Amino acid sequence: MKAIILAAGVGSRLGDITKTLPKGLVDVNGKSIVERQISSFKKNGINEIVLVIGGFPEKYSFKDIKYISGKKSFPHNILYSLIEAKHELDDDVIISYGDIIFEDKIIQQLIESKHEIALAVDMNWEKSYQNKSKFLVDHVCNVIIEDEQVLQIGYRKNLDISSNMMVGEFIGLVKFNKNSIENFLKIYSELESNHDGKFHESPSIKEGIISDMIQELIDRDFVLRCVAVTGKWCEIDTPDDLNESRKMFI
């Protein structure tokens, strides 16, 4: 099994912090976001790690890591960053957003899942948003679940959620086995050649995000399962997020 960390994002919402620094190298109590991820993967026996990067490539100095440049001139998003690493998608793989940190045991829980496609999901997500703005709550990446199967994924504002539904938050970690990632790439190649216009929640296929492709797989009757993870994690998108992460991860 290998890990692919998608760390090509600009991190503009962090303001001056990321003007001369990649978002993945933002410091959280002495260790960067990406450094913490690498450590978690290695502690769980995943030593083959691929890092998709964007700006300031000279600032990365991790050893025994494969780097792929994710900087392109045309508009693109995190899904296309993953596609740039397609030649590395030749084995069971955990794909990680490059702006999250998490306890080691979350990776362990994902590895132990026997499902072909498994999404790490926080079922207690609502308590983290109790004092946050409606805008942030509306843009939570929610999943609707039934018997561990993911039925729908997307921004909360775009989902038709009723009170009797099981709803979690996709935390930015997904595991594919070798066969399912091959199917993922075939479908993406087909879409890249034939799809025009809006792609699920994104303006185009190249500007797509990972959840768009997950929804595409669901629409094509692939079975995706959730792993209801336990343990601390956080996404670092704003200065407030960064401050919270520094309280959570000492």
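Being a predicted model, the structure only gives us computed values, none of them experimental.

Asker: How should I be thinking about the overall build of the protein in this particular structure?
Answerer: When helices and strands are counted, the protein shows 7 helices and 13 strands. Scaling as 2.2 N^0.38, a compact globule of 250 residues should have a C-alpha radius of gyration of about 18 Å, and the protein matches this with 17 Å. In terms of its C-alpha atoms, the protein occupies a principal-axis envelope of roughly 40 × 40 × 35 Å. Relative to its full complement of 250 residues, the protein shows a buried share of 50%. In the protein, the share of contacts with a sequence separation of at least 24, taken over all contacts with a separation of at least 6, comes to 70%. Of the roughly 12,200 Å² that the protein leaves accessible, carbon and sulfur atoms contribute 46%. Of the charged side chains in the protein, 31 are positive and 39 negative; the average position of the first set lies 5 Å away from that of the second.

Asker: Honestly, the layout of surface pockets in this entry has me stumped. Any pointers?
Answerer: If you roll a probe as big as a water molecule over the atoms, it shows you where there is empty space left. Of the volumes computed, that of the second largest pocket is approximately 150 Å³. Around the second largest pocket, the lining residues are K31, R36, S39, S40, K43, I101, F102, E103, D104, F249 and I250. For the lining of the second largest pocket, the secondary-structure elements that each account for two or more residues are helix 1 (33-43) and strand 7 (100-102). Counted by class, the lining of the second largest pocket contains 4 nonpolar, 2 polar and 5 charged residues.

Asker: Whenever I open this one, the pattern of salt bridges confuses me. Can you help?
Answerer: Opposite charge on two side chains allows them to pair when their charged atoms are near. For the structure shown, the criterion picks out 14 salt bridges. With its nearest N and O atoms 3.2 Å apart, the salt bridge here joins E88 to K2. Of this pair, E88 sits in the loop between helix 2 (78-83) and strand 6 (93-97) while K2 sits in strand 1 (residues 2-7), placing them 86 residues apart in sequence. Of the two residues, E88 and K2, both sit in the buried class. Close ionic contact of D237 with R13 constitutes a salt bridge, the shortest N to O distance being 2.5 Å.

Here is what the cut-offs are and how they apply
- Each chain carries its own residue numbering, running from 1 in the written order of its sequence.
- The model is predicted, so local features are restricted to residues of pLDDT at least 70 and side-chain atom pairs to those at 80 or more, both for listing and for counting; the totals for chains, interfaces and linings are taken over all residues.
- The basis for the side-chain values is all heavy atoms of the structure; hydrogens and waters are excluded.
- Think of it this way: any DSSP run of H or I at least four residues long counts as a helix, any run of E at least two long counts as a strand, and we number them from the N terminus.
- Radius of gyration means the value over C-alpha atoms here, while the globule rule gives 2.2 Å times the residue count to the 0.38 power.
- Each residue is placed in one exposure class: buried if its accessible area under a 1.4 Å probe, protein chains only, is under 20% of its type's maximum, exposed if it is over 50%, and partly exposed if it falls in between.
- Residues count as neighbours in contact if any of their non-hydrogen atoms are within 4.5 Å of one another.
- Computed with the Shrake-Rupley method and a 1.4 Å probe, the accessible areas treat only the protein chains shown as cover for residues.
- Charge convention: Lys and Arg are scored as positive, Asp and Glu as negative, and His as well as the terminal groups of each chain are ignored.
- Each charge is placed at NZ for Lys, CZ for Arg, CG for Asp and CD for Glu.
- Every definition here rests on a 1 Å grid over the protein atoms only: cavities are sets of points where a 1.4 Å probe fits but cannot get out, pockets are open sets enclosed by protein on both sides within 12 Å along at least five of seven lines, and lining residues have some atom within 4 Å of a point.
- Grid points are joined across faces, edges and corners, and a volume is the space filled by probe spheres set on the points.
- In this count, Pro and Cys sit with the nonpolar residues alongside Ala, Val, Leu, Ile, Met, Phe, Trp and Tyr, while Asp, Glu, Lys and Arg are called charged and the others, Gly among them, polar.
- Any carboxyl oxygen of Asp or Glu that lies within 4 Å of a side-chain nitrogen of Lys or Arg is treated as forming a salt bridge with it.

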